[in-house]
Amino acid sequence: MSENDPIAADKRLTTAAGAPVPDNFNIETAGPRGPALLEDVWLIEKLAHFHREVIPERRMHAKGAGAFGTFTVTHDITRFTKASIFAEVGKKTEMFARFSSVAGERGAADAERDIRGFALKFYTDEGNWDLVGNNTPVFFFRDPLRFPDLNHAIKRDPRTGLRSAESNWDFWTMLPEALHQVTIVMSERGIPRSFRHMHGFGSHTYSFINAANERVWVKFTFKTQQGIANLSDEEAVQLVGLDRESNHRDLYTSIEKGEFPRWTMYVQVMTEAQAAEHPVNPFDLTKVWPHGEFPLIEVGVFELNRNPENVYADVEQASFAPSTIVPGISFSPDRMLQARLFAYNDAARYRLGVNHHQIPVNAPRCPAHSYHRDGLMRVDGNHGGTLAYVPNSRGEWEEQPAFANPPLPLSGAATHYDHRLDDDHYLQPGNLFRKMTPVQQQVLFENTARAMEGVSRAVKERHVSNCHRADPAYGEGVAKALEL
Ligand code: HEM
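A quick note: this is a predicted structure, and the numbers were derived from the prediction, not measured. (Residues numbered from 1 in each chain as written. Predicted model: local features only at pLDDT ≥ 70, side-chain atom pairs only at ≥ 80, totals over all residues.)

**Some details on the overall build of the chain**
What counts, and what does not: Under the scheme used here, helices are H or I runs from DSSP no shorter than 4 residues and strands are E runs no shorter than 2 residues, and both carry numbers assigned from the N terminus. All radius of gyration figures rest on C-alpha atoms, and the globule criterion is 2.2 Å times the number of residues raised to 0.38. Three exposure classes are used, all based on how many other C-beta atoms lie within 10 Å of a residue's own C-beta (placed from the backbone): buried at 20 or more, exposed at 12 or fewer, and partly exposed between those limits. Working definition of a contact: two residues with C-beta atoms, positioned from the backbone, lying within 7 Å.
A tally of helices and strands in the chain yields 13 helices and 10 strands. By the compact-globule yardstick of 23 Å for 484 residues, the chain fits well, its C-alpha radius of gyration being 26 Å. Summarising its shape, the C-alpha atoms of the chain cover approximately 85 × 65 × 45 Å along the three principal directions. Buried positions account for 36% of the 484 residues belonging to the chain. Sequence-distant contacts, at least 24 apart, represent 73% of the contacts inside the chain between residues at least 6 apart.

Have a look at this one:
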């Protein structure tokens, strides 16, 4: 462009290839009243790009908001883990968090009764660590085969295209192990006032490996420093009428105002010997580890202090995966976790492409070398001329045996074990119910009754019978609220 161009260099409109766009208001036509010309390449480019601006939304957790922040270690846990993020008190690690609702689509209202996603990505100096949790410590079931069905039951009915309380409750009540999670969702905590006012949980059991290569089992908890605050059904209905993005807006505006939300990180630790003897399967995602037996150990704090510059770039294109771990943190035999180790990167390959790990919000902040090459949208130079095969005689990208986890002893014949035959699905939801005040119990009954509006009598009775097994007063309270 000429030096004499009246438009400042950083204000000049160009095509994607950098050529000047002479006219962005009038397309090129054959004569003043004539048809468009195919040679108007700017028109073609603009429309073609527009047609491709939408990518698939996340199958669940589609509606969410995210922010960047910092994790700081406040307490030493190096006796449990060699993870470099926890190496010393005071150490800071950059991070990104995305909070979400689960059932609604990308345009859903925020103030819905639903669990909330609590996904964290820590850019540690030994690679990214993703902790992809929820605001509840348990889940609806403990076998991953149910996961697609859960989503089919809570999302839209295939015939009507409407959400169906009947399908939702039919599914939940057929799974007695879901009662724990259902009790939390129907409780006063079922609609958090904002993303800032809820706790977060890694939910699964993971493992820590220390410098001596010893393993313990671990669960993660994040307590909000803003305090818990919830919406009643009534408040939520009014709010949705005024603001469908209440949680997103709250997170964004509080960070813009400099009111940075913070959460304290805790872990619970169980030794392998304790796990072997514990009456409750420590890898069962429908159960908690009681704090009395496995106390919370304080670790650190994270603060969200920077809104994304561009929501599509950083939030929509973010992808989290429970399989993204670092030395010192690893998996457990939890069968739900095992399936999630496959699911997330597979979903990201579909939603964002095979090179989704290169998108800036997903890319590690430390060097990453692998033999993966090529693929759609490879934009990082593709490792240039470095060798793309192994073994090679130049010592390129050598495996690191020092980071191998200690062997995990396993036993038993391979088959489809049905844990639902001999499991106690009711003790923990009953304990949760008994911990509630009478006022909280009444809120639980009434929320349940409202959520079951329009549901058939048979399904309602099945739910009452499940609640009754957890605690007779739970069953009676729900039955009364349902006017059964
Ligand atoms: C999102 C699968 C259980 C938390 C997703 C996505 C998939 C998925 C495919 C969309 C990912 C994407 O498109 O980027 C599964 C499967 C599960 C399971 C197969 C069980 C077998 C859970 C559990 C939790 C959880 C137990 C929490 C403890 C999340 C969160 C997101 C998510 C927070 C949103 C992540 C984000 O903000 O991008 N899940 N999920 N999921 N899931 Fe799960």
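Picking up where we left off.
**Structural notes on unusual backbone geometry**
A cis amide bond links Val390 to the next residue, Pro391, at an omega of 5°. Secondary-structure assignment places Pro391 in the loop between α9 (335–351) and α10 (427–435). Notably, Asn382 is not glycine yet its phi reads approximately 60°, a positive angle. Of note, Asn382 is situated in the loop between α9 and α10. The exposure class assigned to Asn382 is partly exposed, which follows from the 14 C-beta atoms found within 10 Å. Even without being glycine, Glu483 reaches a positive phi, approximately 55°.

**Some details on the pairing of strand β9 (residues 297–306)**
Using the following cut-off: A strand pair is defined by DSSP finding two or more bridges across the two strands.
In this structure, strand β1 (residues 64–73) lies alongside β9, joined through 6 bridges in antiparallel fashion. Bridged to Gly69 within β9 is Leu304. Pairing between strand β8 (residues 262–271) and β9: 6 bridges, direction antiparallel. Bridging across to β9, Tyr266 finds its partner in Glu298.

**Things to note about the site of the ligand**
Our working definition: Here, nearness means that the C-beta atom of a residue, built from backbone geometry, sits within 6 Å of the molecule or strand in question. Under this grouping Gly is polar, as are all residues other than the nonpolar Ala, Val, Leu, Ile, Met, Phe, Trp, Tyr, Cys and Pro and the charged Asp, Glu, Lys and Arg.
Taken together, 27 residues are adjacent to the ligand, and His61, Gly117, Pro144, Ser203 and Ala347 come closest. Residue contributions to the shell around the ligand peak at 8 residues, all from α9. The class makeup of the residues in the shell around the ligand is 14 nonpolar, 8 polar and 5 charged.

**Quick notes on the pairing of strand β6 (residues 206–209)**
Residues of β6 alternate between two faces, with Tyr206 and Phe208 on one and Ser207 and Ile209 on the opposite face, all of them buried. With 4 bridges joining them, β6 and strand β7 (residues 215–224) adopt antiparallel strand pairing. What sits directly across from Ser207, in β7, is Trp217. Relative to strand β10 (residues 329–330), β6 runs antiparallel, the two being bridged by 2 bridges. Considered in β10, the bridge of Phe208 is made with Ile329.

**So, helix α4 (residues 179–186)**
Across the 8 residues of α4, 8 count as buried, placing the element largely inside the fold. Of all the positions in α4, only Leu179, His180, Gln181, Val182, Thr183, Ile184, Val185 and Met186 are classed as buried. Contact partners of the buried residues in α4: α3 (165–174), α10, α11 (438–451) and α12 (457–470).

**A look at the environment of Asn345**
Tracing the backbone through its elements, the reader meets Asn345 in helix α9. On the neighbour-count criterion, Asn345 (18 C-beta atoms within 10 Å) is partly exposed. Each C-alpha atom, one on Asn345 and one on Phe320, is 7.7 Å from the other, the two residues being 25 residues apart in sequence. Apart from the residues lying within four places of it in its own chain, the contact partners of Asn345 are Ala321 and Ser323.

**A short note on the UniProt feature "binding site: heme" (unreviewed entry) in the chain**
This is how the line gets drawn: UniProt positions are given in the numbering used here, feature names are shortened, and annotations may be inferred rather than shown by experiment.
UniProt's feature table lists "binding site: heme" (unreviewed entry) at Tyr344, given in the numbering used throughout. Tracing the sequence through the fold places Tyr344 in helix α9.

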